[in-house]
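Reading the structure
The lines below spell out each chain.
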Amino acid sequence: MIDEALSAGAAARRLGVAVTTLRTWHQRYGLGPSRHVPGQHRRYTAQDLDRLEVMLRLTSQGVAPAEAAAWARRTPVPVPVSAPASPPAAELIPAEPIPAEPIPGQGPIPGQGPDGGGHTIALGPVEPAARGLARAAMRLDAGLMRDILNDSIQANGVIVTWNEVAMPVLIGIGERYEATLRFVEVEHLVSRCLTEVLSAVPRPPSSVVTRVLLAAADEDQHILPLEALAAALAEVGVPTRMLGARVPPQALDNAITRTGPAAVILWSSVPHASRSEQLARVAAHPHPPLLLAAAGPGWRHSTFPAGVHHLTSLVQAFDLARAAAR
Ligand code: B12
């Protein structure tokens, strides 16, 4: 028990969360500082911190923020020590409507309205963190998405976070989009948060030679799986050169000529008539890479030139790229 009252910065440090997260919890859920010192900002008391700890524990276990806050506000009444058990079958994560009260200083959240409620992402039996991510995604809560992803990477690493937290949510959002042609804003914000978090995984020092080249196929905008691969390889000290989305065949050729990579991995999510021509062109390069691999559902395996690997999981891509980079 502490008897001093803390500023927002000190409380955030003690809890290990961002100050902006504390502000959001204050503004949206009323979990603010209660001690008033004349002429100063309000301060967090020991009881305020106890409530915030409940909020932190439950949200990181995947409980919806509004529900977690309801428990937290009831502190010191005993609260569950763990999140409710995972449901055995598919669960529907609703798009929660905006809070009835606009957030002070921010006004209404653009793009959300009465028709935002009642729509869902279907998830199979997944980790609580994946449910938490889906809920945060449907609420367009970027800060919480980043917190969930960062916590998971810290605790379990990039590969587990991608396979068990990010991937089920992305696939669920993709299915939702296909069925409704809606939630593009959710897809974009989740993508952005993933990019930010995966890019923040510390990279190996620049003295380590980069032998792995990653690129999305021509006209393909999907690169998150390659960003996950780059982050997973960085965790074990393997640097990568990432060309990003929609890489034209000539640009890929030039990059191979100029950097002489040991491994080239091309990602495609969306099929295209000339996909395998791009692979054939790399295979015919005067200095082809030791490992040339195509990854993602946009490729037709049957049309691959000889020697091209077909990658079907992050772990497989990680193992092959790591071996080729030695
Ligand atoms: C995020 C996303 C976007 C983002 C991409 C952002 C970014 N920075 O990458 C944005 C918003 C840009 C986008 C745009 C579009 N998208 Co999009 N998108 C997605 C979404 C939701 C996730 C993509 C992803 O990262 N997939 C990777 C994992 C999560 O999914 P997966 O490939 O199915 O995973 C399997 C394997 O690949 C493997 N695997 C998983 N991870 C890894 C990692 C590695 C390294 C390896 C080797 C294997 C592997 O395991 C899984 C199970 O087998 C998918 C849904 C989906 N299921 O993919 C749609 C999806 C790919 N998009 C789709 C569409 C239609 C589009 C658009 C055309 C929409 C539009 N009308 O504008 C555009 C542009 C397309 C283009 N020309 O490239 C469709 C494609 C359908 C098709 N077959 O043609 C999908 C499938 C959604 C859907 N169900 O309709 N999209």
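Summary of the structure given here. (Residues numbered from 1 in each chain as written. Predicted model: local features only at pLDDT ≥ 70, side-chain atom pairs only at ≥ 80, totals over all residues. Heavy atoms only, no water.)

**Section: the layout of surface pockets**
The calculated volume of the largest pocket comes to roughly 1200 Å³. Lining the largest pocket are 35 residues, with Leu170, His222, Leu224, Pro225 and Ser269 sitting closest to its centre. Elements represented by at least two residues in the lining of the largest pocket include exactly helix H6 (142-180), helix H7 (184-199), helix H8 (224-235), strand S5 (263-267) and helix H11 (314-325). In terms of residue count, H6 provides more of the lining of the largest pocket than any other element does, 10 residues in total. A per-class count over the lining of the largest pocket returns 19 nonpolar, 11 polar and 5 charged. Both domain 2 (90-98 + 117-200) and domain 3 (212-325) contribute no fewer than three residues apiece to the lining of the largest pocket. (1 Å grid on protein atoms, 1.4 Å probe; cavity = no way out; pocket = protein on both sides within 12 Å on 5 of 7 lines; lining within 4 Å. Points joined across faces, edges and corners; volume = space filled by probe spheres on them. Helix = DSSP H or I, 4+ residues; strand = E, 2+ residues; numbered from the N terminus. Nonpolar A, V, L, I, M, F, W, Y, C, P; charged D, E, K, R; others polar. Domains from an automatic or database assignment.)

**Digging into the packing of H6 against H11**
Viewed as axis vectors pointing N to C, H6 and H11 meet at an angle of 155 degrees, and their least axial separation amounts to 10 Å. Classified by the angle their axes make, H6 and H11 are roughly antiparallel. Residues Ile159, Trp162 and Asn163 of H6 form the contact with H11, whose participating residues are Leu314, Val315 and Phe318. Among the residues forming the contact of H6 with H11, the class breakdown is 5 nonpolar, 1 polar and no charged. (Axes fitted to C-alpha atoms, helices over the stretch in contact; angles between N-to-C directions. Parallel < 35°, antiparallel > 145°, perpendicular 65-115°, else oblique. Contact = heavy atoms within 4.5 Å.)

**Examining helix H1 (residues 8-15)**
Buried within H1 are the following residues: Ala10, Ala11, Ala12 and Leu15. Where H1 is buried, its residues meet helix H2 (19-29) and helix H3 (46-60). Directly beyond the C-terminal end of H1, a positive phi value near 75 degrees is found at Gly16. (Buried < 20%, exposed > 50% of the residue type's maximum accessible area, 1.4 Å probe, protein only.)

**Here's the deal with the coordination of the cobalt atom of the ligand**
Reference geometry at the metal: tetrahedral coordination by four donors gives ideal angles of 109.5 degrees; octahedral coordination by six donors gives 90 or 180 degrees. A lone protein donor binds the cobalt atom of the ligand: His222 (NE2), at 2.3 Å. Structurally, His222 is set in the loop between strand S3 (212-216) and H8. (Donors = N, O, S within 2.8 Å, 3.2 Å for Na, K, Ca; no water.)

**Quick notes on the environment of Gln40**
Residue position: Gln40 is located in the loop between H2 and H3. Owing to a relative accessible area of 43%, Gln40 belongs among the partly exposed residues under this scheme. Spatially, the C-alpha atom of Gln40 lies 9.7 Å from that of Ser7, the residues being 33 residues apart in sequence. Within polar-contact distance, the side chain of Gln40 engages the side chain of Arg43 at 3.3 Å. (Polar contact = N/O pair within 3.5 Å; in protein donor to acceptor, adjacent residues only side chain to side chain.)

**Structural notes on a nonpolar patch on the surface**
Among the surface-exposed residues, Tyr177, Leu181 and Val184 lie close enough to one another that they form a single nonpolar patch of about 260 Å² accessible area. Looking at where Tyr177 falls in the secondary structure, it is placed in helix H6. (Patch = residues over 30% accessible without salt bridge, like charges linked within 9 Å, V, L, I, M, F, W, Y side chains within 5 Å. Areas by Shrake-Rupley, 256 points an atom, 1.4 Å probe, with all protein chains shown as cover. Salt bridge = Lys/Arg side-chain N within 4 Å of Asp/Glu carboxyl O.)

**Thoughts on the site of the ligand**
If you check the shell around the ligand, you find 28 residues, and the closest are Trp162, Glu219, Gln221, His222 and Ile223. With respect to the ligand, the side chain of Trp162 contributes an N or O atom lying 2.9 Å from a nitrogen atom. Contact between the ligand and Leu224: an oxygen atom at 3.2 Å from a main-chain N or O atom of the residue. Taking a 2 Å distance to the grid points as the criterion, the majority of the atoms of the ligand fall inside the largest pocket. At the level of secondary structure, the elements contributing two or more residues to the shell around the ligand comprise H6, H7, H8 and H11. It is H6 that contributes the most residues to the shell around the ligand, 7 residues altogether. Tallied by class, the residues present in the shell around the ligand amount to 16 nonpolar, 8 polar and 4 charged. Structurally, the shell around the ligand is a two-domain feature, drawing no fewer than three residues from each of domain 2 (90-98 + 117-200) and domain 3 (212-325). (Near = heavy atom within 4 Å. Sits in = over half its atoms within 2 Å of the grid points.)

**Side note on the pairing of strand S6 (residues 291-295)**
Of all 5 residues making up S6, 5 are buried, and the element is well covered by its neighbours. Covered by surrounding structure in S6 are Leu291, Ala293 and Ala295 together with Leu292 and Ala294, the residues of both alternating faces. Pairing of S5 with S6 involves 5 bridges; the strand directions are parallel. Considered in S6, the bridge of Ile265 is made with Ala293. Across 3 bridges, the pairing between S6 and strand S7 (residues 309-311) is parallel. When the bridges of S7 are listed, Ala293 appears paired with His309. (Pairing = 2+ DSSP bridges.)

The values reported here are purely geometric and, on their own, carry no functional implication.
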